[in-house]
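Listed below, chain by chain, are the residues.
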Amino acid sequence: MDYSWLHAPAAQVPETAQTLLGWEITAGGVRVRLTEVEAYAGTGKDPASHAHRGSTPRTAVMFGPAGYAYTYFVFGMHWCLNIVSGAEGEAAAVLLRAGEVVDGLDIARERRGDVPDRDLARGPARLVVALGITAAANGTSMIDGNGPLLLTSPTRPVSRSAISAGPRVGVAAAHDIPWRFWITDDPTVSSYRRHVPRRRPGRKPAQ
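These lines cover the structure that appears in this document, whether it is placed above or below. (Residues numbered from 1 in each chain as written. Predicted model: local features only at pLDDT ≥ 70, side-chain atom pairs only at ≥ 80, totals over all residues. Heavy atoms only, no water.)

Time to look at the overall build of the protein chain. Regarding its fold elements, the protein chain presents 3 helices and 8 strands. From first element to last, N terminus to C terminus, the protein chain shows the α and β order α-β-β-β-β-β-α-α-β-β-β. Its C-alpha radius of gyration of 17 Å places the protein chain within 12% of the 17 Å reference for a compact globule of 207 residues. Overall, the C-alpha framework of the protein chain stretches about 50 × 40 × 35 Å when taken along its three principal axes. Classification of the 207 residues of the protein chain by burial places 48% in the buried group. Of the roughly 10300 Å² of accessible surface on the protein chain, 52% is carried by carbon and sulfur atoms. Considering the protein chain, the positive charge centre built from 23 side chains and the negative charge centre built from 19 side chains are found 12 Å apart. (Helix = DSSP H or I, 4+ residues; strand = E, 2+ residues; numbered from the N terminus. Rg over C-alpha atoms; globule rule 2.2 N^0.38 Å. Buried < 20%, exposed > 50% of the residue type's maximum accessible area, 1.4 Å probe, protein only. Areas by Shrake-Rupley, 256 points an atom, 1.4 Å probe, with all protein chains shown as cover. Lys, Arg positive; Asp, Glu negative; His and termini not counted. Charge placed at Lys NZ, Arg CZ, Asp CG, Glu CD.)

Turning next to the packing of aromatic side chains. The final tally for this structure, using the stated rule, is 4 aromatic pairs. Between Y3 and W23, the ring centres sit 5.1 Å apart and the planes meet at 75°, which makes this aromatic pair edge-to-face. Taken together, the positions of Y3 in the segment before helix 1 (13-20) and W23 in the loop between helix 1 and strand 1 (24-27) put the pair 20 residues apart, joining distant regions of the chain. Judged by relative accessible area, which is 3%, W23 ranks as buried. Relative to W79, the ring of F73 lies with its centre 4.9 Å away and its plane at 45°, an arrangement referred to as tilted. Assessed through its relative accessible area of 41%, F73 is described here as partly exposed. Accessibility expressed as a relative area gives 31% for W79, which makes it partly exposed. Among the aromatic residues, ring-to-ring pairing joins Y3, W5 and W23 into one connected group. (Phe/Tyr/Trp six-rings, centres within 6.5 Å; stacked < 30°, edge-to-face > 60°.)

Enumeration according to the criterion identifies 8 salt bridges in this entry. With a closest N to O distance of 2.6 Å, E24 and R31 form a salt bridge. R109 serves as the salt-bridge partner of D117, at 2.9 Å between the closest nitrogen and oxygen. Each of the salt bridges in this network shares a partner with another, and the network as a whole consists of E36, R97 and R180. (Salt bridge = Lys/Arg side-chain N within 4 Å of Asp/Glu carboxyl O.)

Dropping the structure here:
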């Protein structure tokens, strides 16, 4: 198994993200092949990263070591899962945006309800639900097999020529940086939605 990405610096997180396409993550009796990911660097040059302004109790796990899970709650209702990357002390993470359920379909269907198979893990929140991941996964290794998650190398490797890139989703800052990567034409990849800032009630739009 090639785990060389574990030793890549945080500045190379876009390359790490592309490397992780096709890798498989197993949790809660379900195995998902990653088809869409998104890179974030906490090196002070990526304002969309949670670690942009340094380490906090929430983001400490992003500063290493690589191969650990970083989970966070978004919009008061969804959990998202990231793989920490970069050298220890350098913050970076790869958000797992979508995947194909390749094992444990019946379990994933129970968790996700009556949806087409392509939608079982199509989006970061759906992927977490399909895998049965909870907040307890935060800060656990995804590599050594001792935690609730296990990340393994591809059974179907993805060539770089089969990877597309585009702007990130749902971030207010640096959303146009093309650090979202996906397997071209894969049906499980989520739809792109450009971030639209929320207006406060009674506030006039900028002129």
